[in-house]
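Single-letter residue listing:
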Amino acid sequence: GGSHPVWSKDGRELFFLDGEGRLSAVDVSATDVFTTGRPKQILEAAFAAVPYGQVYDVSRDGKQFLTIQAPANDITWRELYLVLNWHEELEPLASANP
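About the thresholds
- Starting afresh in each chain, residues are numbered from 1 along the sequence in its written order.
- Confidence filtering applies because this is a predicted model: local features only for residues at pLDDT of at least 70, side-chain atom pairs given and counted only at 80 or more, and all residues used for totals across whole chains, interfaces and linings.
- As a convention, hydrogens and water are excluded, and side-chain values are obtained from all of the structure's heavy atoms.
- Where helices and strands are cited, they refer to DSSP runs of H or I of at least four residues and of E of at least two residues respectively, numbered from the N terminus.
- Three exposure classes are used, based on accessible area relative to the maximum for each residue type with a 1.4 Å probe and protein chains only: buried under 20%, partly exposed in between, and exposed over 50%.
- Contacts: residue pairs with any heavy atoms within 4.5 Å of one another.
- Definition used in this section: a nonpolar core is a set of buried Ala, Val, Leu, Ile, Met, Phe, Trp, Tyr and Cys residues joined via side-chain atoms within 4.5 Å.
- What makes a salt bridge here is a side-chain nitrogen of Lys or Arg within 4 Å of a carboxyl oxygen of Asp or Glu, nothing more.

**Looking at the overall build of the chain**
- Helix and strand content of the chain: one helix and seven strands.
- Scanning the chain from its N terminus toward the C terminus, one meets helices and strands in the order β-β-β-β-β-β-β-α.
- By residue count, 20% of the 98 residues in the chain fall in the buried class.
- Across the chain, contacts joining residues at least 24 apart in sequence account for 26% of those joining residues at least 6 apart.

**Brief notes about unusual backbone geometry**
- Positioned with a positive phi, His 4 is a non-glycine residue whose angle comes to about 55°.
- Looking at the secondary structure, you find His 4 in strand S1 (residues 3–7).
- Its identity is not glycine, yet Asn 85 carries a phi of approximately 55°, on the positive side.
- Turning to its location among the elements, Asn 85 is positioned in the loop between strand S7 (65–67) and helix H1 (86–96).

**Considering the nonpolar core**
- In this structure, Val 6, Phe 15, Leu 17, Leu 23, Ala 25, Phe 47, Val 55, Tyr 56 and Val 58 together form the largest nonpolar core, which totals nine residues.
- Of all the secondary-structure elements, those providing two or more residues to this core are strand S2 (13–17), strand S3 (22–30) and strand S6 (56–58).
- With residues near it in sequence (within four places) discarded, Leu 17 still touches Gly 2, Ser 3, His 4, Arg 22, Leu 23, Phe 47, Val 55 and Tyr 56.

**A closer look at the pattern of salt bridges**
- Applying the stated rule across the entire model yields four salt bridges.
- For the salt bridge of Lys 9 with Asp 57, the shortest nitrogen-to-oxygen distance reads 3.8 Å. With Lys 9 in the loop between S1 and S2 and Asp 57 in strand S6, this residue pair connects regions lying 48 residues apart in the sequence.
- Residue class for Lys 9 comes out partly exposed when judged on its relative accessible area of 45%.
- Measuring nitrogen to oxygen at the nearest pair gives 3.5 Å for the salt bridge that ties Lys 40 to Asp 27. Taken together, the residues Lys 40 in strand S5 (residues 40–46) and Asp 27 in strand S3 connect sequence positions 13 residues apart.
- For Lys 40, a relative accessible area of 36% puts it in the partly exposed group.
- Asp 27 gets classed as partly exposed once you look at its relative accessible area, which sits at 41%.
- Here the salt bridges share partners, and the residues they tie into one network are Glu 13, Asp 27 and Lys 40.

**Brief notes about the side chain of Asp 18**
- Summarising the element assignment, Asp 18 is placed in the loop between S2 and S3.
- Non-local contacts of Asp 18, meaning those with residues more than four positions away in its chain, are made with Gly 1, Ser 24 and Gln 41.

Shown next as structure tokens:
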């Protein structure tokens with residue numbers, strides 16, 4: 001099992017987070033029959049848990065990864081700021097600096 005699957009750019013490998021939140025990969029073949037190889041762990045560091053969106057992405061060559069790392073300590077978010085009509089605050093600044 002796993003979560004947050006991402007296909008390699010060539011479609012021959014599937015990356016995913018294992019049950020421990022570590023990046024893993026499995027070779028895939030989808031000719032006449034769909035087959036997979038044995039999963040292998042790519043990175044040992046756990047990833048940040050996010051409910052939506054992509055936690056990482058893979059380079060075209062499949063050798064580099066852009067990731068969001070889990071924080072070193074347990075952080076609890078307590079506030080969320082929502083700014084409405086933010087463009088109205090920027091208009092005076094933009095017109096003051098031609």
